[in-house]
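Analysis of the macromolecular model
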Amino acid sequence: MNDNHGHMREGFTTTLGVLAATLGSAVGLGNIWKFPSMTGQNGGAAFVFVYLLCVLLIGLPVMISEFIIGRRAQANNVGAFRKLETAGRAPWHLTGVAGVAAAFLIMFFYTGVAGWVYAYAFKALTGAFSGVTAAETADIFSTYIGSAAGPLAWQWIVLVTVSAIIIAGVTKGIERMTKTLLPILFVLLLICNIRALTLPGAGAGVEYLFRPDFTKVTAPVVLAALGLAFFKLSVGMGTMTTYGSYIGRRENLPSNALKVAFADTLVSLLAGLAIFPAVFAFGFEPDAGPSLLFITIPAVFQTMPLGQLFLTMFFVLAAIAATGAMISLLEVPVAYLTEEHGWSRVKATLLSAAAMGTVGALATLSTSVLSETLVFGRTFFDLFDFLSSNIVLPVGGILICLFVGWKLGPKAIADEASNGGSIRNAAVLRVFTFVVRYVAPVAILLVLLNGLGVIKA
Ligand code: TRP
């Protein structure tokens, strides 16, 4: 298949490669950093319950929708809508344009946090945590993010790394990298779980994660859970549309989406089971927010033999997970710029990354020199984070569902998601079609308007 400019389109080569790349996009800082910190800030198990509902009812259908759009069109996020909107009067491709912009918005802060993770891998390796007490790990983190030069430098190191993989290409870069590294992450998380769960007092953490108190569920909490579901599954802006365009005709789209949603959720729960037992065992507060990971994990590993080795491995793997997610974010503008504007892959990658690093500095400096600079009452970091997860991704999700449910319609859905009838999943597809036409758009809209305080239910 050729793109608009006559280049051969690359793609993922095997079923396992498809799973690795799409799961590699989903698994990232969202699981090990955002999920635990948001669970802690929103009261624990009840938030987890609402989150799981959002994944199943909304996140999963949006992911299948994006796969359908991407694979059917065989094009980048803007080109895909253009090709499929046929009659061409309704400007659906603006959804694609907004998605490309959203990739930048997310990368502005994501690369900064990934920089903290890279820095922590390096600190752990060089022994910065040997012999420190649990309380000292908190000081080390606040001192680190309170400085400007280190975090900025690491953000650029992150961007260079991600760019190098993207320049290597879809098959040799994205697919190969994710396939080797995901299994290692999984094993390491399990080791963390065993250590955290055998700490004295660990039970309180497990209870916090699994015994719900529904009085804590308010409208903004539901919106936060929905936003996290979008962010976690990499949906609502066109990452999975772009990756979908690299998926072969014989692959089973709904089944791959289900596997990604399941495995991704498992990784989040495992991360929670590594972090919350430690929070309670060491007497930290669960609502510490973004710093939670960086304080508890070093504290956990300090208590065990070979702690420095395991701590280094943990942050190296967290860095890898973050990198797999970031390549999927950077691929969105790169696919767009190369296919729609004829830029070379190298030029598209480097200019996009440079823009991400330049504006992204505002987010990174939000914990130091710009900590007092507020826009709409938030630091740049919080603003980029809030806007992307709580507004841009849900709105994108509504449009994607409506496009697939109404514009493409039941026939095209049935054709694309059953590979022309060769997969016997007609009943599943009927439910899916109903969900993307009615249930998901209405549910997202209600949660959005309630969470933003526009309506009160
Ligand atoms: N899902 C990734 C994570 O949890 C982040 C991510 C990658 C993402 N691509 C995305 C978030 C697209 C939203 C949209 O770390």
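It should be noted that the structure appears before, not after, this text.
Notes on the structure follow. (Residues numbered from 1 in each chain as written. Predicted model: local features only at pLDDT ≥ 70, side-chain atom pairs only at ≥ 80, totals over all residues. Heavy atoms only, no water.)

Let us look at the pattern of salt bridges. Under the criterion given, the structure shown has eleven salt bridges. Note that Lys 34 is salt-bridged to Asp 385, the shortest N-O span being 2.8 Å. Residue Lys 34 is located in helix H2 (residues 29-41), and its partner Asp 385 is located in helix H16 (residues 380-417); the two are separated by 351 residues in the primary sequence. Sharing partners across several salt bridges, the network here consists of Arg 71, Arg 72, Arg 249, Asp 415 and Glu 416. (Salt bridge = Lys/Arg side-chain N within 4 Å of Asp/Glu carboxyl O. Helix = DSSP H or I, 4+ residues; strand = E, 2+ residues; numbered from the N terminus.)

Moving on, we get to the side chain of Asn 419. Relative to the helices and strands, Asn 419 is located in the loop between H16 and helix H17 (426-451). At a separation of 2.6 Å, a polar atom in the side chain of Asn 419 contacts the side chain of Arg 71. Once residues lying within four places of it in the same chain are set aside, the contact partners of Asn 419 are Arg 71, Arg 249, Arg 250, Glu 251 and Asn 252. (Polar contact = N/O pair within 3.5 Å; in protein donor to acceptor, adjacent residues only side chain to side chain. Contact = heavy atoms within 4.5 Å.)

Here we come to the side chain of Ser 163. Structurally, Ser 163 can be placed in helix H7 (residues 149-168). A residue is classified by how much of its surface remains accessible, and Ser 163, at 5% relative accessible area, is buried. (Buried < 20%, exposed > 50% of the residue type's maximum accessible area, 1.4 Å probe, protein only.)

As a matter of local geometry, the ligand sits amid 16 residues, with Gly 30, Tyr 110, Phe 231, Lys 232 and Ser 234 nearest to it. With respect to the ligand, the backbone of Leu 29 contributes an N or O atom lying 3.1 Å from an oxygen atom. In this structure, Ser 328 approaches the ligand through a side-chain N or O atom, which is 3.3 Å from a nitrogen atom. Contact with the protein chains removes 100% of the 360 Å² of surface that the ligand exposes when unbound. The set of elements that each furnish at least two residues to the shell around the ligand consists of helix H1 (15-26), H2, helix H5 (93-125), helix H10 (219-232) and helix H14 (307-341). Of the residues forming the shell around the ligand, the biggest block, three residues, is contributed by H14. Residues of the shell around the ligand, tallied by class, amount to nine nonpolar, six polar and one charged. (Near = heavy atom within 4 Å. Areas by Shrake-Rupley, 256 points an atom, 1.4 Å probe, with all protein chains shown as cover. Nonpolar A, V, L, I, M, F, W, Y, C, P; charged D, E, K, R; others polar.)

Right, let's get into the packing of helix H3 (residues 45-73) against helix H4 (residues 77-84). For the pair H3 and H4, interaxial distance at closest approach is 9 Å and the crossing angle is 75°. One finds that H3 runs roughly perpendicular with respect to H4. Along its contact with H3, which presents Ile 69, Arg 72 and Ala 73, the element H4 presents Ala 80, Phe 81, Lys 83 and Leu 84. Split by residue class, the contact of H3 with H4 holds five nonpolar, no polar and two charged. (Axes fitted to C-alpha atoms, helices over the stretch in contact; angles between N-to-C directions. Parallel < 35°, antiparallel > 145°, perpendicular 65-115°, else oblique.)

Summed over all chains, the structure comprises 30 aromatic pairs. When the ring of Trp 116 is compared with that of Phe 381, the centres are 6.0 Å apart and the planes differ by 5°; the resulting orientation is stacked. Of this pair, Trp 116 sits in helix H5 while Phe 381 sits in helix H16; the two residues are 265 residues apart in sequence, bridging distant segments of the chain. Taking relative accessible area as the criterion, Trp 116 reaches 3% and is therefore assigned buried. By relative accessible area, which is 6% here, Phe 381 ends up buried. It is Lys 34 that lies over the ring of Phe 231; its NZ or CZ is 4.7 Å from the centre. (Phe/Tyr/Trp six-rings, centres within 6.5 Å; stacked < 30°, edge-to-face > 60°. Lys NZ or Arg CZ within 6 Å of the ring centre and 35° of its normal.)

Side chains three or four residues apart in an α-helix point the same way, a direct result of the helix having 3.6 residues per turn. Here helix H12 (residues 253-281) contains 29 residues, and its C-alpha end-to-end distance of 43 Å stays within 8% of the 42 Å for a straight helix at 1.5 Å per residue. In terms of burial, H12 is a largely internal element, 22 of the 29 residues being buried. N-cap assignment for H12: the residue whose side-chain oxygen lies 3.2 Å from the backbone N of Ser 255 is Asn 252. Immediately downstream of H12, the backbone of Gly 283 shows phi near 75°, a positive value. (Expected span 1.5 Å × (residues − 1).)

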